[in-house]
Every structure is written in C-alpha cells, then in structure tokens.
Amino acid sequence: MLTCSVDDDDSSGWKYQWFRRTTNSSEEIFTGNGTRDQNSTISITKGGVYWCRGVRGDSFTEDSNIVSLHKIVSNRAVVTLQPNWNQIFSGETITLSGDYRCKGRKKRMQTSITEWSDAFNLRVYDNKPKPVLTVSPLWLSPGASVTLNCEVENPNAGWSFYWYKAVPKLSGSSYSFELLPDSSNGTAHGSHVTHGQTHTTGYVCRAGRGDKVYYTQYSEPKFVWSGGFHSSASLTVSPDRGQHFSSDSVSLSCEGNSTEWRVRKFTQEDPLLDYSDRGAMTGATSTIQGLQEGNTVYWCESGSGEFSNAVNITAHIILESPVHPVTEGDSVTLSCKLKTVRLVSNVFFYQNDKLIQNDTRGELNIAAVSKSDEGFYKCKYSRKESQQSWLTVKSSGSSSLVPVFTGLLVGIVAITLLLLMCHFTKAKDACCDGLVQHPFLSS
C-alpha cells in the first residue's frame, strides 16, 4: 500500500495523481476523480518507481519523493557453496565468515526480484587442521607390507593425502620429512601401503586441497619397529635379551656409520621422548637404572639419518630370547620369566600367534634352528602374556668349508716352496729326490 497526503492547514478537496515508471515503460498516471481523499491510498501489484502529487481545482502540488518497489516473484533463490566444504580455513580461497543469503532479479526488469534465500553459515578457522596418522603393524617382520592411515576431520571435503618418511635431525630433537616416491601427486584416499620395509622407519602424513594447494599441518610421527639388525645403525642391549623387567639395569649401545647418536623411547603415556634428554651423544652408551613400568620401546637414531633396530622392555611376564641373529643349525632355548622367577611348567609358547607348545615343559628348545623357525615368539602363563620378540635366523653359508680349504691351500704352498728350493740349489739329497718322486706329487 502507498499513501499520498498534502501538508496543508486546509487539506480538504485534494485529489491525488499517481505515477509509475519502469525500465520498459513510460509514465503511467492514476488520476483521482471523486470525493475528498480520493486515491490517497492505492494498492500495488507491480514493481516500479512510484511518486504522487496533489490536485485541487487547477492547482498542483510539487511531485512527492519517489519510492522504489520490487515485485516479489514466486521462485526463491538458493545459496550453494562451490566446492561444497562446510569448513574453510584461513588462507584458502574464501576468507570471510558469517551468514550468507542471496536473491535474484531479471536483467531487463530491475524491479522483479526473488525472495531472499535461506541463510547459509560459513565458518572460517584460523588454525590449520592436524591429521592423525596410524600405522599397522607396529612391529615388522622383514619384507612385510605396512599400512598407513591418515585421518582428518571431514575427510570427504576435497582432501588429497601426502605421505612422508621421517629422517632424524639430531639438532633440536626433530625430524625432516621426505616425500615417498609414489606420493608426489597425493592420494585420493587416506590409506597407503608401503612394501619391502626391512628396518625401523618413521612416517608422517598431511592433507591438501584446492587448485592452489592448501596444506594441513604434518601429523605426529609414527614408527614401525623392527628387531632386525643392519650395519649402518644398530642397538645392542646388555643383558642380551629382547625383554627385561623394570627392576633390571640395562645398557643400551648405539653403533654404526655415525659418530653422533640419540636414544629414543616410546611409551603410551609419553609417545616420543629422548631417553637421556641430552640430544645428540658421541659414542652413545646409556645405562638405564629402574625401568619405567609397562611397555617401553627403545631405539637409536644417528646423525646420518638412520634408525636402528628396536627393543621392547616390559615390566610384566617376559620371554627370554636371543636379541642377536642366530645361525642355522645352532640350538636355541626360549624360556618364560616372571620377575625373578623362571617358570618351569605349564607355559604355552607361540610362534607368529600360533600355539606351538602347550605341554608341562617350561622351556621351548629348538635343537637345530632353521629359517622356518624365524618369526615372532611369545609365551603365556596363568592368563599372563609376554610381549612378542622377533627371532632372526641367518644362513650358515659356506663357513664350514673354510677350515678345509685353508688347510689344503697351506699344504700346497709349502710343497711348492720345497720344490723350488731343490730346483735352484740342484740338491740331489734323498729328501729332495724323495719329494720329486713322491707318488702324490708325480700324479
């Protein structure tokens, strides 16, 4: 509704003319003809620019102020977000936050307009998201595949995932990250499988999205531990066992192709710590007095970026087994121990989670170990279970032939020297004649 009035002491007798203008039409006039206040109020059914003036007899007022009205059409606008991400982070293409809505109008009819759309709430987060990485398995059998899973909030919101290997940096107790070769373009899913890993390795991940890639933070590093030794970095333990009690005194020594080392430890309560809190160490040998209760994993990291084998130290029932590789054909004995007491009966032994001995014996004896005996071992006693320990079996090779070959070579060299001495001195004594005529030599 529009109302027109004249501000006059004597307002009687006024009639009103109405005017409307649109982009496609000329002025349209509504002339009042009737009694007092005729057409002072009119109903509007079309959009446009309206104004009015008063008429009394031959007198006209000035034109009123103009009023622009838009006709509301029946359809309604809808706000859509492209890409359809309900979370936007500072630094991405969209950097505003709040409630958004829209309306539309025809290009050639500026006065025809839709209703407002429903409001759309867009939130912008200042802090970059940080993904969470999990790895499986935690302990590696040599050559097995490793599955990495990278989780980020709203994983279907356009994210690609990037996978990295952690490389130790002894300065600052941190790591640098090397992109895995098959991860340069990212993966569409938050899962990745690596093959052929043989040693302890650390991994991290992050996610990215958009044409100008926006990256999340790096995840915390996660480790896949191996008990296998390699020459560039190794951890030796004294006493020579894969598992220990919290009351034990244990020495850890880092050896390999580096002069700087640090010892790392992992527990559920403190996921990643320098054992000594001293950073890099030269000639690293550390003695642990009073081990932490529960399960703790120790390993060495070198200044040249290498990881050693890992050792699990537990404060519960333990499996006594060799830490170092054993040679094919050697005898091996595994036993189960509870604190200071060696269990002598009713102990169950498992290889790779398969029960292999469940009689009354307290030890597992392997008379002549072979490659088929390599694997993870654990023991159970009265509902208590040890941690797994990896038993490495190395090939005996041709070492048994070495003494025979060495003895034969020495004999041949000695006889050859005697023959040469006889030849050059032309000695005709019985000794030389005997040597020359010896059936073994003449043949």
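First, a word on scope: everything that follows refers to the structure included in this document. All values reported here derive from a predicted model rather than from experimental measurement.

**Points about the state of the cysteines**
Okay, step 1: Enumeration according to the criterion identifies four disulfides in this entry.
Okay, step 2: Between Cys4 and Cys52 runs a disulfide, and the two sulfur atoms are separated by 2.0 Å. Taking the sign of the S-S torsion, 85 degrees for the link of Cys4 and Cys52, the bridge is right-handed. Of this pair, Cys4 sits in the loop between strand E1 (2–3) and strand E2 (15–22) while Cys52 sits in strand E5 (residues 48–56), and the two are 48 residues apart along the sequence. For the pair Cys4 and Cys52, a shared accessibility class is recorded, and that class is buried.
Okay, step 3: Disulfide partner of Cys254: Cys300, at an S-S distance of 2.0 Å. An S-S torsion of about -80 degrees defines the bridge between Cys254 and Cys300 as left-handed. Of the two residues, Cys254 is situated in strand E23 (residues 249–256) and Cys300 in strand E28 (residues 295–302); the sequence distance between them amounts to 46 residues.
Okay, step 4: The class of Cys254 is buried, set by a relative accessible area of 7%.

**Some thoughts on the sheet that holds strand E15 (residues 146–151)**
Okay, step 1: The three strands lie next to each other as E13-E15-E18, forming an open sheet whose pairing is antiparallel. Both edges of this open sheet fall to strand E13 (132–136) and strand E18 (191–194), since each of them pairs with a single strand only. In this sheet, neighbouring strand axes are inclined to one another by 20 degrees on average, regardless of whether the strands run parallel or antiparallel.
Okay, step 2: When E13 meets E15, the two strands line up antiparallel, connected through five bridges.

**Here's the deal with the pattern of salt bridges**
Okay, step 1: Taken as a whole and assessed by the stated rule, the structure comprises eight salt bridges.
Okay, step 2: Put simply, Arg264 and Glu301 hold a salt bridge, and the shortest N to O gap is 3.5 Å. Of this pair, Arg264 sits in strand E24 (residues 260–266) while Glu301 sits in strand E28, and the two are 37 residues apart along the sequence.
Okay, step 3: One salt bridge in this structure joins Glu385 and Lys378, with 2.9 Å as the shortest N-O distance.
Okay, step 4: Given the relative accessible area of 38%, Glu385 is considered partly exposed.

**Notes on unusual backbone geometry**
Okay, step 1: Cis geometry is found at the peptide bond from Ser136 to Pro137, where omega equals 0 degrees.
Okay, step 2: Positionally, Pro137 belongs in the loop between E13 and strand E14 (139–140).
Okay, step 3: In this chain, Ser238 is followed by Pro239 through a cis amide linkage whose omega measures 5 degrees.
Okay, step 4: Relative to the helices and strands, Pro239 resides in the loop between strand E22 (233–238) and E23.

**Quick notes on the nonpolar core**
Okay, step 1: Leu133, Leu148, Trp159, Phe161, Trp163, Tyr203 and Val224 are the most contacted members of the largest nonpolar core, which totals 21 residues.
Okay, step 2: Listing elements by their share of this core, those giving two or more residues are strand E9 (87–89), E13, E15, strand E16 (160–169) and strand E19 (201–209).
Okay, step 3: Listed in part, the 15 residues of the second largest apolar core include Cys336, Phe349, Ile366 and Tyr377.

**Re the pairing of E5**
Okay, step 1: Counted residue by residue, E5 has seven buried out of nine residues, so it is predominantly covered.
Okay, step 2: Two strands pair when backbone bridges link them, and E2 and E5 are joined in this way by seven bridges, in the antiparallel orientation. Bridge assignment links Arg20 to a residue of E5, and that residue is Tyr50.
Okay, step 3: Looking at chain direction, E5 and strand E7 (residues 67–69) are connected through three bridges and run antiparallel. Counted as the bridge partner of Tyr50 is Val67 from E7.
Okay, step 4: Pairing of E5 with strand E6 (residues 59–60) involves two bridges; the strand directions are antiparallel. Its bridge partner being in E6, Val55 is matched across the sheet by Phe60.
Okay, step 5: Two successive antiparallel strands, E5 and E6, enclose a turn made up of two residues, where Gly57 displays a positive phi of approximately 65 degrees.

**Topic: the pairing of strand E34 (residues 348–351)**
Okay, step 1: Across four bridges, the pairing between E34 and strand E37 (residues 375–381) is antiparallel. If you follow Phe349 over to E37, its bridge partner there is Cys379.
Okay, step 2: Linking two consecutive strands that pair antiparallel, namely E34 and strand E35 (residues 354–357), is a turn of two residues; a positive phi of about 50 degrees is found at Asn352 within it.

**Details of the environment of Ser345**
Okay, step 1: Residue placement: Ser345 occurs in the loop between strand E33 (341–342) and E34.
Okay, step 2: For the pair Ser345 and Asn358, spaced 13 residues apart in sequence, the C-alpha to C-alpha distance is 9.7 Å.
Okay, step 3: Once you skip the residues sitting within four places of it in the chain, Ser345 turns out to touch Thr360, Arg361, Gly362 and Tyr381.

**Section: the side chain of Gln197**
Okay, step 1: Within the fold, Gln197 resides in the loop between E18 and E19.
Okay, step 2: A residue is classified by how much of its surface remains accessible, and Gln197, at 7% relative accessible area, is buried.
Okay, step 3: Here the side chain of Gln197 touches Tyr203 through a polar contact of 2.5 Å, side chain to side chain.

Criteria and cut-off values
- Residues numbered from 1 in each chain as written.
- Predicted model: local features only at pLDDT ≥ 70, side-chain atom pairs only at ≥ 80, totals over all residues.
- Heavy atoms only, no water.
- Disulfide = S-S within 2.5 Å.
- Helix = DSSP H or I, 4+ residues; strand = E, 2+ residues; numbered from the N terminus.
- Buried < 20%, exposed > 50% of the residue type's maximum accessible area, 1.4 Å probe, protein only.
- Pairing = 2+ DSSP bridges.
- Axes fitted to C-alpha atoms, helices over the stretch in contact; angles between N-to-C directions.
- Salt bridge = Lys/Arg side-chain N within 4 Å of Asp/Glu carboxyl O.
- Core = buried A, V, L, I, M, F, W, Y, C linked by side-chain atoms within 4.5 Å.
- Contact = heavy atoms within 4.5 Å.
- Polar contact = N/O pair within 3.5 Å; in protein donor to acceptor, adjacent residues only side chain to side chain.

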